Amino acid sequence: MTIKANNPEISSWINVNQESDFPIQNLPFGVFSIKNSSARIGVAIGNEILDLKELFELGYLADLGFQLSDFDNCYLNDMMIHGKLATRKLRNRISDLLNSESAELKNNIKDVNRVIVSQKDAIMQLPVKIGDYTDFYSSEQHAYNVGCMFRDPNNALLPNWKHIPVGYHGRSSSIIISDTPVHRPKGQQKPDDNSPPVFGPCKLFDFELEMGFITYQGKELGENITTNEADHYIFGMCLFNDLSARDIQKWEYVPLGPFLAKNFASSMSAWIVTLDALEPFRIPGPVQEPKVLPYLNYEGNKHLDIKLEVSLMPENGQAKIISNSNYKYMYWNMNQQLAHHSVNGCNINCGDLLASGTISGPDEGSYGSMLEISWKGTKPVDMPDGSQRKFINDNDTIIMKGYSEKNGLRIGFGKVATKILPSK
Ligand code: CA
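So, how was this worked out
- Residues numbered from 1 in each chain as written.
- Predicted model: local features only at pLDDT ≥ 70, side-chain atom pairs only at ≥ 80, totals over all residues.
- Heavy atoms only, no water.
- Helix = DSSP H or I, 4+ residues; strand = E, 2+ residues; numbered from the N terminus.
- Rg over C-alpha atoms; globule rule 2.2 N^0.38 Å.
- Buried < 20%, exposed > 50% of the residue type's maximum accessible area, 1.4 Å probe, protein only.
- Areas by Shrake-Rupley, 256 points an atom, 1.4 Å probe, with all protein chains shown as cover.
- Lys, Arg positive; Asp, Glu negative; His and termini not counted.
- Charge placed at Lys NZ, Arg CZ, Asp CG, Glu CD.
- Donors = N, O, S within 2.8 Å, 3.2 Å for Na, K, Ca; no water.
- Phe/Tyr/Trp six-rings, centres within 6.5 Å; stacked < 30°, edge-to-face > 60°.
- Lys NZ or Arg CZ within 6 Å of the ring centre and 35° of its normal.
- Domains from an automatic or database assignment.
- Contact = heavy atoms within 4.5 Å.
- Buried area = accessible area lost by both parts, 1.4 Å probe.
- Salt bridge = Lys/Arg side-chain N within 4 Å of Asp/Glu carboxyl O.
- Polar contact = N/O pair within 3.5 Å; in protein donor to acceptor, adjacent residues only side chain to side chain.
- Pairing = 2+ DSSP bridges.
- Axes fitted to C-alpha atoms, helices over the stretch in contact; angles between N-to-C directions.
- Core = buried A, V, L, I, M, F, W, Y, C linked by side-chain atoms within 4.5 Å.

Trainee: I tried to follow the overall build of the chain on my own but got confused; where do I start?
Mentor: A count of helices and strands for the chain gives 10 helices and 26 strands. A compact globule built from 424 residues would reach a C-alpha radius of gyration of about 22 Å, and the chain, at 22 Å, matches this within 12%. For the C-alpha atoms alone, the extent of the chain along its principal axes is close to 75 × 55 × 40 Å. Relative to its 424 residues, the chain shows a buried fraction of 54%. With an accessible surface of roughly 18300 Å², the chain has 50% of that area assigned to carbon and sulfur atoms. Counting 41 positive and 49 negative side-chain charges, the chain places the centres of these two groups 3 Å from one another.

Trainee: Is there a simple way to explain the coordination of the calcium ion in this structure?
Mentor: Ideal donor angles around a metal are set by the shape: a four-donor tetrahedron calls for 109.5 degrees, a six-donor octahedron for 90 or 180 degrees. Surrounding the calcium ion are the protein donor atoms Asp135 (OD), Glu208 (OE), Glu210 (OE) and Asp242 (OD), which sit 2.2 to 2.3 Å from the metal. The motif formed by the donor residues of the calcium ion, counted along the single chain, is D-x72-E-x1-E-x31-D. With Glu210 in strand E13 (residues 209-215) and Asp242 in the loop between strand E14 (234-241) and strand E15 (244-245), this pair connects stretches of sequence that are 32 residues apart. Given a relative accessible area of 0%, Glu210 falls into the buried group.

Trainee: Explanation requested: the packing of aromatic side chains in the structure shown.
Mentor: How two aromatic rings sit relative to each other is given by the distance of their centres and the angle of their planes. Per the counting criterion, the structure on display carries 10 aromatic pairs. Ring geometry for Phe66 and Phe71: centres 5.4 Å apart, planes at 40 degrees, overall tilted. Taking relative accessible area as the criterion, Phe71 reaches 0% and is therefore assigned buried. Ring centres 5.2 Å apart and planes at 50 degrees place the aromatic pair Trp161 and Tyr331 in the tilted group. Taken together, the positions of Trp161 in the loop between helix H6 (140-150) and strand E7 (167-169) and Tyr331 in the loop between strand E21 (320-326) and helix H9 (334-342) put the pair 170 residues apart, joining distant regions of the chain. Across the pair, Tyr331 and Trp161 agree in class, each one buried. Through pairs of rings, three or more aromatic residues link up here, namely Phe29, Tyr216 and Phe235. For the cation-ring pair, Arg410 lies above Tyr403, with the distance from its terminal atom to the ring centre recorded as 3.7 Å.

Trainee: Sorry if this is basic, but what is going on with the domain arrangement of the chain here?
Mentor: Note on interface size: it is often stated as the accessible area lost on association of the parts. Its domain assignment divides the chain into domain 1 (4-125) and domain 2 (133-421). Computed from C-alpha atoms alone, the centre-to-centre distance between domain 1 and domain 2 is 29 Å. With 28 residues of domain 1 at the interface, the matching set in domain 2 holds 30 residues. Across the interface of domain 1 and domain 2, roughly 2300 Å² is buried in total on both sides, 62% from carbon and sulfur atoms. Among the residues of domain 1 in contact with domain 2, Asp21, Met80 and Lys84 are the three that bury the most area, contributing 29% of the side total. Inspection of the domain 1/domain 2 interface yields two salt bridges.

Trainee: Honestly, H6 in this entry has me stumped. Any pointers?
Mentor: Owing to its 3.6 residues per turn, the α-helix brings residues three or four apart onto one side. Looking only at H6, the buried set comprises His142, Ala143, Asn145, Val146, Gly147, Cys148 and Met149. In this structure, the buried side of H6 is in contact with helix H10 (370-373).

Trainee: Help me understand H9, please; the structure alone is not making it clear to me.
Mentor: Across the nine residues of H9, nine count as buried, placing the element largely inside the fold. Inspection of H9 places Met334, Asn335, Gln336, Gln337, Leu338, Ala339, His340, His341 and Ser342 among the buried residues, and these make up the whole buried set. Between the side-chain oxygen of the N-cap and the backbone nitrogen of Asn335 there are 3.1 Å, and the N-cap of H9 in question is Asn333.

Trainee: Help me out: how do you make sense of the environment of Pro28 in this one?
Mentor: Note that Pro28 resides in the segment before strand E1 (29-33). Along the backbone, Pro28 and Cys238 are 210 residues apart, and their C-alpha atoms lie at a distance of 9.8 Å.

Trainee: So what exactly am I meant to see when it comes to the sheet that holds E1 here?
Mentor: As a general point, the strands of a sheet are linked pairwise by backbone hydrogen bonds and lie either parallel or antiparallel. Pairing in this open sheet of five strands is antiparallel, and the strands run E4-E3-E2-E1-E5 from one edge to the other. Since the sheet does not close on itself, it has two edges, and those belong to strand E4 (116-118) and strand E5 (123-125), each with one partner. The mean angle between the axes of side-by-side strands here comes to 50 degrees, regardless of whether they run parallel or antiparallel. Both strand E2 (residues 40-45) and strand E3 (residues 48-51) contribute to a ladder of four bridges, which runs antiparallel.

Trainee: What is the right way to read the nonpolar core from this model?
Mentor: A general trend in soluble globular proteins is that nonpolar side chains are found buried together. With 55 residues, the main nonpolar core has Phe207, Met211, Met237, Ile306, Tyr327, Leu338 and Ile398 as its most contacted residues. Counting residues per element, this core draws most heavily on strand E26 (residues 409-421), at five residues. The contact partners of Met237, leaving out residues within four places of it in the chain, are Met211, Gly212, Phe213, Trp271, Ile272, Val273, Leu278, Leu304, Ile306, Tyr327, Met334 and Phe413. Judged by nonpolar contacts, the second largest core, of 45 residues, contains Leu52, Met268, Cys350 and Leu353.

Trainee: Explain the pattern of salt bridges to me, please; I cannot follow it from the model alone.
Mentor: If the charged atoms of two oppositely charged side chains come close together, the side chains can form a pair. Evaluated as defined, the whole model comprises 24 salt bridges. Between Asp96 and Lys4 there is a salt bridge whose closest N-O contact spans 2.8 Å. With Asp96 in helix H4 (residues 84-98) and Lys4 in the segment before E1, this residue pair connects regions lying 92 residues apart in the sequence. Between Arg282 and Glu279 there is a salt bridge whose closest N-O contact spans 2.9 Å. Under the relative-accessibility criterion, Arg282 is labelled buried at 15%. Residues joined in a network through salt bridges with shared partners are Arg40, Asp51, Lys53, Glu54, Glu57 and Arg114.

Trainee: Is there a simple way to think about unusual backbone geometry in this case?
Mentor: What is expected of a backbone is that most residues other than glycine have negative phi and most peptide bonds are trans. In this model, Val254 is joined to Pro255 through a cis peptide bond whose omega is 0 degrees. Within the element layout of this structure, Pro255 appears in the loop between helix H7 (246-252) and strand E16 (266-268). Phi is positive for Trp375, close to 45 degrees, though the residue is something other than glycine. Summarising the element assignment, Trp375 is placed in the loop between H10 and strand E23 (381-382).

What follows is the structure, given as structure tokens:
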């Protein structure tokens, strides 16, 4: 499929550094506000933001089927409800307007001053009104590591794992945007098997390196989305940190799964990179053996090569990279997750968030949680300031970054940074 905005040959009249996550081939969507203005929809380009509300008001986005309220809005949902073909046309149009060979916008200095905002001056907001949030468990190495630690290395994967993209329903209303601090949660724990449970601040605070995808309006209740149809229903992706209280989780998860260990907050990056922009980075997935049931079969390359990095930064300290992973390590891809999620007739709505589950690679340096990196606290991480980490300390900031790169083209996600404050 040729998507005009993805043309690697074009460049923008807006200066974009070589290392920028946001070249003209990316054009991710987000929601921002500047001083004394209401929130509106924007597109990132280099260090700038193209203000779609102002652009629409000036008439540059006419005849695409959108209306002002789609962009004069504190969420992307009203824009996304127009569907994949409409948002693809919109992205193509934005690409044309920012193309260095197009004079239409760039020569109109008055308009440029109105529609271009520096990212430095913008406050990013949660981009999507998330309806339902589902978290999968789709990285084999992560499931294997957890199985080794808590069950049996010889039978680390549970019998269903290679047949079902395992997942659970999370809490959408506590999903926060990057740079929102989180207080360490309190809850019940049972540190000693032979003593009663205790209550207090979580002592084993963790992150989970994940990616999420945002859906367009799906089908009616009772209908299902096939793996072949899934691309049509996926708007884009973000970085996602599923904050986790391991000690609370360990005591509460039997038999229904995570609850208070997860629902206090999860953090997402500000810019939604469209699935269209990620097309050049599609790669084959792993061989799935045993064979999956027919509804989980898929055609074509549905995995993505997205480099991921986690660093940890103490208060007033130096950040240290503690993991280099990749979204390609997923066993189940998004198409399979969406097909599985809806195969029973479960409806998918505009603005649902489906997260990947912790993404761990095959090597120790590519694990996606402190639980695995420190192997349950048995292998502490040395920090630049001489301190050590088994889990996350108060006032530490967890920073996740991600980008795809091929033939000099870099499509990035920015970051999701979350500072952990002491418990209240
Ligand atoms: Ca998770």
